[in-house]
Amino acid sequence: MQGTYYALMLGNTVAASFIWGINTLFLLDAGLTNLEAFSANAFFTAGMLVFEIPTGVVADTVGRRASYLLGTVTLATTTVLYWMLWLWHSPFWAWAVVSVLLGLGFTFFSGAVDAWLVDALKATGYEGSLETVFGRAQIVGGIAMLSGSVLGGVIAQATDLGVPFLIRGGIFVLMVIVAVLLMHDLGFTPDRSEGPLRATRTVLRASIRYGLGDPPVRWFMLTSPFTAGVGIYVFYALQPYLLELWGDEEAYSIAGLAAALLSGAAIVGGALAPKVRALFRRRTSVILLATVASAAVLIGLGLVRDFWVAVALVALWGIASALDDPVHRAYLNDMIPSKQRATVLSFDSLMGSAGGVVFQPTLGRAADVGGYGTSMIWSGVITAVAVPFVLLSRAQRAPADTARQVTGGPEA
């Protein structure tokens, strides 16, 4: 089960990252203006926001494997559609529609794959910690991110901007085959006794009960807009900020350094997460450490003007974020019943996307007015707002906070 999970993580991340380094150039080359290109990205985020809960319900009522397959087919199709829009220099409205559908494809993944893993581990008698599994997944994801983004740029340079999109679509088709052969729902039986609408209402009511209605889960999910929402902005703002500190706005290899640093940090953080977790009795202690460290590093990043000091701080921020992710996912999964797991996890992802929708333009405006350094300082301040919510979740003393082995969450 772990091997299948890592294979899915590897394929998904390689495919997703294959276009990260060239996506904006691709949109501009298709004839879009800067405003239209970034608006297309906004439609992608809006698609994730709108479809996050409905696709989580699909995973909880139809099946996690079915949700993954639907997402993979959707992404393969919409990626090829993106290439066709580029080929035809299509109008903006077409890009907006396909961008929303791209967001739909990714929402079929969020929640479903993690829920599938935790149920399968519980069903097969796994006695280790979830942090170990998610930490290894973080390492696999970091390697895949680094490989995919570098390969995509090299292939685009050798051919044209459209070829990486075709390769990405092919990788998603390959992942359909992998999932059909290896991915099976274990430890989870979808309830198909109700019609689609009634089942949706039932799952949503139960998800609210075990999500927002459960104090430790509710307070913890309220951290996502401030951590994940800010993280989206920082990831994209680091490229021009490092160029600014370097002093040459056309040194594109320096811009790529940010992605490389964060990929390496994901690998290091994933390896360290189980070891750091072993030093603390409670998971929220690790999450608090990572959150406070992230906030402090971002503020420091906004204050420094030396390029190499900034590079070191970027690496530290990446490691702190990578340490948080496996523990965050383990803590949340252990507080959610199996039947509602995918929907509640999707809602947590939705909270992060909502934070991105609000904070990206806000911090972008701060960068316009005061520079990228100012926006980094505000990013640190906003990240720090998550600390009280972690403390409120910690105060509930949920059994998941001190769990060392996979528990699979409470029974509904």
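Below or above, wherever it landed, is the structure these notes cover. This one's a predicted model, so the numbers in the text were calculated from it and none came from an experiment.

### Considerations on helix H11 (residues 224-246)
Taking 1.5 Å per residue as the helical rise, H11 with its 23 residues ought to reach 33 Å, and the 32 Å between its terminal C-alpha atoms agrees with that figure. The largest bend in H11 comes to about 40°, at Leu238, with the proline Pro240 one to four residues further on. Looking at the residues trailing H11, positive phi occurs at Gly247, about 95°.

### Some thoughts on the nonpolar core
Tyr5, Phe26, Tyr68, Tyr82 and Trp95 are the most contacted members of the largest nonpolar core, which totals 48 residues. Ignoring sequence-local partners within four residues, the contact set of Tyr82 consists of Asn23, Phe26, Leu27, Ala40, Trp95, Val98, Ser99, Leu102 and Phe165. By size, the runner-up hydrophobic cluster in this structure holds 29 residues, among which are Leu245, Leu261, Leu298 and Leu301.

### Some remarks on unusual backbone geometry
Residue His89 is not a glycine yet carries a positive backbone phi of 50°. Mapped onto the secondary structure, His89 falls in the loop between helix H4 (64-88) and helix H5 (92-107). Look at Arg397: it is not a glycine, yet its phi comes out positive at around 50°. Take Arg397: it is sitting in the segment after helix H17 (386-395).

### Some words on the pattern of salt bridges
What the rule picks out here adds up to 8 salt bridges. In this structure, Arg283 and Asp334 form a salt bridge, with 2.9 Å as the shortest nitrogen-oxygen distance. With Arg283 in helix H13 (residues 283-303) and Asp334 in the loop between helix H14 (307-333) and helix H15 (341-370), this residue pair connects regions lying 51 residues apart in the sequence. The pair formed by Arg283 and Asp334 is uniform in burial state, with each residue classed as buried. For Arg329, the salt bridge goes to Asp325, with nearest N and O atoms at 2.8 Å. Of the two residues, Arg329 and Asp325 are both situated in helix H14; the distance of 4 residues between them amounts to about one turn of the helix. Take Arg329: its relative accessible area is 14%, and that puts it in the buried class. On the basis of relative accessible area, Asp325 is assigned to the partly exposed category, the value being 25%.

What counts, and where the lines are drawn
- Once a new chain begins, its residue numbering starts again from 1 and follows that chain's sequence as written.
- This being a predicted model, a pLDDT of at least 70 is required before a residue's local features are given, and a value of 80 or more before pairs of side-chain atoms are given or counted; all residues contribute to the totals for chains, interfaces and linings.
- Think of the side-chain values as coming from all heavy atoms in the structure, minus any hydrogens and water.
- In this text, helices come from DSSP runs of H or I with a minimum length of four residues, and strands from runs of E with a minimum of two, each type numbered from the N-terminal end.
- Here a helix's expected span is defined as the number of its residues, less one, multiplied by 1.5 Å.
- To get the bend at any residue, fit one axis to the seven residues that end at it and another to the seven that begin at it, then take the angle between the two axes.
- The definition of a nonpolar core used throughout is a set of buried Ala, Val, Leu, Ile, Met, Phe, Trp, Tyr and Cys residues joined through side-chain atoms within 4.5 Å.
- Relative accessibility under 20% of the residue-type maximum defines a buried residue, over 50% an exposed one, and the middle range a partly exposed one, all with a 1.4 Å probe and only protein chains included.
- Contacts were defined at the residue level, with two residues in contact if any of their heavy atoms lie within 4.5 Å.
- By salt bridge we mean one thing: a side-chain nitrogen of Lys or Arg within 4 Å of a carboxyl oxygen of Asp or Glu.

Geometric values such as these leave the question of function open.
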